[in-house]
Protein chains: 2
Amino acid sequence: MFGHIDYKNPPELCPVRDVMSVASDQWSALIILWLGYFPVLRFNKLKKFVYGISNKVLSQRLKVLEADGYIQRKAYAEVPIRVEYSLTDFGQSYVEKLLELTEWMQTNSPKVLANREKYGLI
Amino acid sequence: MFGHIDYKNPPELCPVRDVMSVASDQWSALIILWLGYFPVLRFNKLKKFVYGISNKVLSQRLKVLEADGYIQRKAYAEVPIRVEYSLTDFGQSYVEKLLELTEWMQTNSPKVLANREKYGLI
DNA sequence: TAGAGTAAGTTACAAAAAGTAACCGGTATG
DNA sequence: CATACCGGTTACTTTTTGTAACTTACTCTA
């Protein structure tokens, strides 16, 4: 894992870090998880599921996730316009990894919350 | 995974989401990964490994990660003061999960970078 | 037939988070 | 005698987010 980093002469930028920071961003992760649950979602549906996200940030994240190859966007020339978002095969393989982490979080978040509370009282 | 969310009546806040956003934050993840590699690290060493982080943000993240139970801080009353950071058992169990994700990222980041480039040219 | 609602965003502005650089007091190093 | 280390903190600037209004063209409701 750290083998590729020469930590005595740290590089200006680590590409893995860059890629990971996009994919594990809170909103990006939620978008990908919901698209893993529902194969196809339109903008406004997605916005309802990814509770609390703004149009602006949803729009930004969708563009970045599309550019990075996790999701695909299909626009239909109807009136009103219909746009469908779905995971690519690559995105599908990522969501499986992400789900493992999320499951760990679901199991362990009570411990974190308990810890947080205890820490606040001391 | 989604069973706990009633997406027709979305909750004001999802605790899992809150916990996960702290733990999967870019800087937090890097701190935890380096502490998984070196059992004990002092502030300035950590700062060198977590390349690019500022004192301010490192200090903030260490406090939050300590409060959430991932790391522990030991200060020795020497002169100059010595402070050692290390993973708790809980943090250790988390870093194992995080490493799996990181390994996936290492394997797959070339695909993402290739995709990104292709997308930029169209 | 006026009014509201839907669709997928964009835009201008405000608020929050992150980055930058200087500083602390005491000690060891050159 | 000046410099660097130790583990941070503080004031200030820049970047990122969030908020709310707006867009175009059609459909549904009263």
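Computed from a predicted model, the values in this text were never measured in an experiment. (Residues numbered from 1 in each chain as written. Chains lettered and ligands numbered in written order. Predicted model: local features only at pLDDT ≥ 70, side-chain atom pairs only at ≥ 80, totals over all residues. Heavy atoms only, no water.)

**Remarks on the sheet that holds strand β3 (residues 82-87) of chain B**
All names here are of chain B.
Here is step 1: Strands sit in the order β1-β3-β2 across an open sheet of 3 strands; the sheet is antiparallel. Bordering the open sheet on either side are β1 (41-42) and β2 (71-76), each of which pairs with just one other strand.
Here is step 2: Sitting on the sheet, helix α2 (residues 26-37) touches β1, β2 and β3, and the angle it makes with β3 is about 90°. (Pairing = 2+ DSSP bridges. Helix = DSSP H or I, 4+ residues; strand = E, 2+ residues; numbered from the N terminus. Contact = heavy atoms within 4.5 Å. Axes fitted to C-alpha atoms, helices over the stretch in contact; angles between N-to-C directions.)

**Considerations on helix α1 (residues 15-23) of chain A**
Here is step 1: Of the positions making up α1 of chain A, those classed as buried are V16, V19, M20, V22 and A23 of chain A. Down the axis of α1 of chain A, the sector holding all buried residues measures 160°, keeping them to one side. (Buried < 20%, exposed > 50% of the residue type's maximum accessible area, 1.4 Å probe, protein only. Arc of directions from axis to C-beta.)

**Thoughts on helix α2 (residues 26-37) of chain A**
Here is step 1: Over its 12 residues, α2 of chain A runs 17 Å from end to end, which matches the ideal 16 Å to within 8%, given 1.5 Å per residue.
Here is step 2: In terms of residue burial, α2 of chain A counts as a mostly covered element, since 9 of its 12 residues are buried. (Expected span 1.5 Å × (residues − 1).)

**Focus: the pairing of strand β3 (residues 82-87) of chain A**
Along any regular strand, the residues point their side chains to alternate faces of the sheet.
All names here are of chain A.
Here is step 1: Of all the 6 residues making up β3, 5 are buried; the element is thus mostly covered by neighbouring parts of the structure.
Here is step 2: Here strand β1 (residues 41-42) runs beside β3; their pairing, made up of 2 bridges, is antiparallel. Within β3, the position partnered with L41 by the bridge is Y85.
Here is step 3: With 6 bridges connecting them, strand β2 (residues 71-76) and β3 associate as antiparallel partners. Each residue of the ladder has a partner; that of Q72, found in β3, is S86.

**Regarding the packing of aromatic side chains**
Here a ring pair, both rings aromatic, is described through the centre-centre distance and the interplanar angle of the planes.
Here is step 1: The final tally for this structure, using the stated rule, is 18 aromatic pairs over all chains.
Here is step 2: For the pair Y37 of chain B and F38 of chain B, a centre-to-centre distance of 4.9 Å together with 80° between the ring planes defines the contact as edge-to-face.
Here is step 3: Taken together, W34, Y37, F38 and F49 of chain A form an aromatic cluster joined through their ring pairs.
Here is step 4: Note that R82 of chain A overlies the ring of Y76 of chain A, its terminal NZ or CZ placed 4.1 Å from the centroid. (Phe/Tyr/Trp six-rings, centres within 6.5 Å; stacked < 30°, edge-to-face > 60°. Lys NZ or Arg CZ within 6 Å of the ring centre and 35° of its normal.)

**Regarding the sheet that holds β3 of chain A**
Here is step 1: Taking strand neighbours across the sheet as the criterion, the 3 strands line up as β1-β3-β2 (chain A) in an open arrangement whose pairing is antiparallel. The strands lining the two open edges of the sheet, one partner per strand, are β1 and β2 of chain A.

**So, the pairing of β3 of chain B**
Residue and element names in this part refer to chain B.
Here is step 1: The buried fraction of β3 is high, at 6 of 6 residues.
Here is step 2: Judged by which residues are buried, β3 turns out to be covered on both faces: R82, E84 and S86 on one side and V83, Y85 and L87 on the other are all buried.
Here is step 3: Connecting β2 to the next strand, β3, in antiparallel fashion are 5 residues.

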